[in-house]
Amino acid sequence: MPSTFFGLDIGKTGLFSANVGLNTAGHNVSNENTKGYSRQVLSQQARSSLRVYTKYGMVGTGVEITSIDRVRDIYYDSKYRSNNAKLGEHTTKYTYGVQVEDYFNEMVISGFKSIYNDMFGALQDLNGTPESLTVRTEFLNFAQSLGEYMNDIQTRLDSLQSEVNMEVSNNVSKINLYAEQIASLTKQINNVELAGGVANDLRDRRDVMLDELSSIVPVSVTETKYSGGKSDYLVRVGDFTMVNNYSSHSLELITRKDKNNEYDIPGLYDIYYYYDHDEETGTRFDVQAMNLSGNLRGLLDVRDGNNKDMDSGKAVDYKGIPHYLNRVQEFKQAIADAFNNVHSNGINLNGDSTNGVPIFTISKAGELEVNKDLLKDPSLMGTTKNPIHDGISDASLVVDFLDLQDAKILYNASAGDYLETIVTEIGVSTKKAQLFENNYDNIVKTVNLQRMSVSGVDGEEEAMNIEKYQEAYTLCARVITVMSECYSKLINETGI
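Here the structure is a predicted model, which means the values were calculated and not measured.

## Quick notes on the overall build of the chain
So, step 1. Helices and strands together make up the secondary structure of the chain, namely 10 helices and 13 strands.
So, step 2. When its C-alpha atoms are laid out on the principal axes, the chain stretches across 155 × 50 × 30 Å.
So, step 3. Taking all 496 residues of the chain together, the buried fraction comes to 45%.
So, step 4. Considering only contacts in the chain between residues 6 or more positions apart, those separated by 24 or more positions represent 66%.
So, step 5. Carbon and sulfur atoms provide 50% of the accessible area of the chain, an area that totals close to 24700 Å².

Next up, the structure:
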């Protein structure tokens, strides 16, 4: 037989349940604009019935809350992070590709073309006055300006490579920080849930960090839950485990000793998952070899991409900064060889052969320069192929120099045409990166909308929940009021 005050207990369970429902709906509404927040729902069920040994058998005992669960779809999380990594890679490639494209566009449209034409204009003047030291000096100064301009392109690319290298360092630091924070949150989550609690908000914070980490490197998550609230949590990037429950593994940057490409700047970083400083060897965290995507992959491709140059220390299948540095150096060498070959057949104003006297030299650092001896003494420059009589020469060699303006000096292309092919090449590569960026951006947005449709907070839906729980609260309060009146009547107005 249930207690005389049994009705009050039933009303109390309903009152408490409605109150928790109101609090849950309020929590959802207050976090509607919180990044990464997952909508929480109240799960409840009827309490175990009470057997009263009467004809009707059992009596309901009210309601009990079983859990407050966050609404989350692991499938959408995985899909979002996978595409977010690809978006990060192509966004990076597009961003830096635009910068490289600007360098070469400026070179072809204004810089190179203007200086190149001025240099041949000076040669036209020299064609009429081959003995003039003034015109010779003018030509050599324009040639020096051409070298300086091409060297400036190399300097800009070097500076960009250094900038990308620093971004690699920053991204590795972010990966290590996220790994540490995810491990720390995992420990907090386990502590709460082992004690019988529910760590919904902590889990949301961990998922936000995983989303942000996924733009740098692709992550895969494995969670194994056991009875009692314990769970094992692993975060892997390719073959490497970055987080194992409460411990994280930090990546390490090691300065590269040997250059992969001849014209790489010094101090480029390689990334190691494990490195023995005594033995100077370790396990490389090589996202390119593992074929991983992400912002880090984009940076490394831009910094190291040499278009599978098999003569390099490491062949990287992408047209990055080293590839365009090599193209610039090819161009410098072709210009130098073309002018030097013509000059080797000349005779200077002193009547001496210019064989072995170059117009252009290329330093070990790859810088194109005019022969300093010619700059000091322009008379050493040859303008004729014929013997000089009485200090007067013809311009037969100058004519050969002028033919170089439209000559096929490299890959069956003139100097201007060759540079335009480089511009076209980088333009196609940049356009491709932009296309992929737009595609993956649309995919990421679509997947995120699908994810939010499941886990996001709907203000109108929560308003309905608030009304629902408010009505339930009012009715349960009314039950308690009615039961109180009944008990008052029974106790105070019945009896002897």
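## What about the sheet that holds strand S7 (residues 240-244)?
So, step 1. Ordered in space as S5-S6-S7-S8, the 4 strands form an open sheet in which the pairing is antiparallel. Looking at strand neighbours, the two that pair on one side only are strand S5 (220-225) and strand S8 (247-248), the edges of this open sheet.
So, step 2. As defined by bridge partners, S7 adjoins S8 across 2 bridges and the pair is classed as antiparallel. The residue of S8 that forms the bridge with valine 243 is serine 248.
So, step 3. Those strands touched by helix H3 (residues 133-194) are strand S6 (231-237), S7 and S8, and its axis lies near 45° from that of S7.

## Quick word on the packing of aromatic side chains
So, step 1. One pass over the full model with this rule turns up 14 aromatic pairs.
So, step 2. On the basis of an interplanar angle of 65° and a centroid distance of 4.9 Å, the ring pair of tyrosine 116 and phenylalanine 120 is categorised as edge-to-face. Taken together, the residues span about one helical turn, with tyrosine 116 and phenylalanine 120 both in helix H2 (residues 74-128) at a distance of 4 residues. Neither residue differs from the other here; tyrosine 116 and phenylalanine 120 are each classed as buried.
So, step 3. The rings of Tyr116, Phe120, Phe139, Phe339, Phe360 and Phe401 are connected pair by pair, giving a single aromatic cluster.

## So, the confidence of the model for the chain
So, step 1. Mean pLDDT over the chain works out to 90, with 97% of the residues at or above the 70 mark.
So, step 2. Taken element by element, the chain is modelled with least confidence in strand S2 (residues 50-51), mean pLDDT 79, and with most confidence in helix H5 (residues 295-304), mean pLDDT 96.

## Thoughts on a negative patch on the surface
So, step 1. Together, Asp403, Asp406, Asp417 and Glu420 give the surface a local cluster of negative charge.
So, step 2. Examined against the element boundaries, aspartate 406 turns out to sit in the loop between helix H8 (396-403) and helix H9 (415-455).
So, step 3. Residue classification places aspartate 406 among the exposed positions, given a relative accessible area of 62%.

## Things to note about the pattern of salt bridges
So, step 1. With the rule as written, the count across this model stands at 33 salt bridges.
So, step 2. For arginine 284, the salt bridge identified is with aspartate 270, shortest N-O distance 3.9 Å. Taken together, the positions of arginine 284 in strand S11 (residues 281-284) and aspartate 270 in strand S10 (residues 269-276) put the pair 14 residues apart, joining distant regions of the chain.
So, step 3. A relative accessible area of 29% means that arginine 284 is categorised as partly exposed.
So, step 4. With a shortest N-O distance of 3.7 Å, arginine 284 and aspartate 286 are connected by a salt bridge.
So, step 5. Note on aspartate 286: relative accessible area 14%, which makes it buried.
So, step 6. Several salt bridges share partner residues, and in doing so they unite Arg70, Arg72, Asp77, Arg81, Asp204, Asp207, Asp211 and Arg451 into one network.

## Side note on unusual backbone geometry
So, step 1. Of note in the backbone geometry, glutamate 280 takes a positive phi value of approximately 55° without being a glycine.
So, step 2. Positive phi values are uncommon outside glycine, yet asparagine 412 reaches one of about 60°.
So, step 3. By the element assignment, asparagine 412 lies in the loop between H8 and H9.
So, step 4. Owing to a relative accessible area of 63%, asparagine 412 belongs among the exposed residues under this scheme.

## Overview of the side chain of asparagine 190
So, step 1. With respect to the helices, strands and loops of the structure, asparagine 190 is situated in helix H3.
So, step 2. Judged by relative accessible area, asparagine 190 falls into the buried class, the value being 2%.
So, step 3. Not counting residues up to four positions away in its chain, the partners in contact with asparagine 190 are Gly229, Lys230, Ser231 and Tyr246.

The rules behind each value
Residues numbered from 1 in each chain as written. Predicted model: local features only at pLDDT ≥ 70, side-chain atom pairs only at ≥ 80, totals over all residues. Heavy atoms only, no water. Helix = DSSP H or I, 4+ residues; strand = E, 2+ residues; numbered from the N terminus. Buried < 20%, exposed > 50% of the residue type's maximum accessible area, 1.4 Å probe, protein only. Contact = heavy atoms within 4.5 Å. Areas by Shrake-Rupley, 256 points an atom, 1.4 Å probe, with all protein chains shown as cover. Pairing = 2+ DSSP bridges. Axes fitted to C-alpha atoms, helices over the stretch in contact; angles between N-to-C directions. Phe/Tyr/Trp six-rings, centres within 6.5 Å; stacked < 30°, edge-to-face > 60°. pLDDT = per-residue confidence, 0-100. Patch = residues over 30% accessible without salt bridge, like charges linked within 9 Å, V, L, I, M, F, W, Y side chains within 5 Å. Salt bridge = Lys/Arg side-chain N within 4 Å of Asp/Glu carboxyl O. Lys, Arg positive; Asp, Glu negative; His and termini not counted. Charge placed at Lys NZ, Arg CZ, Asp CG, Glu CD.

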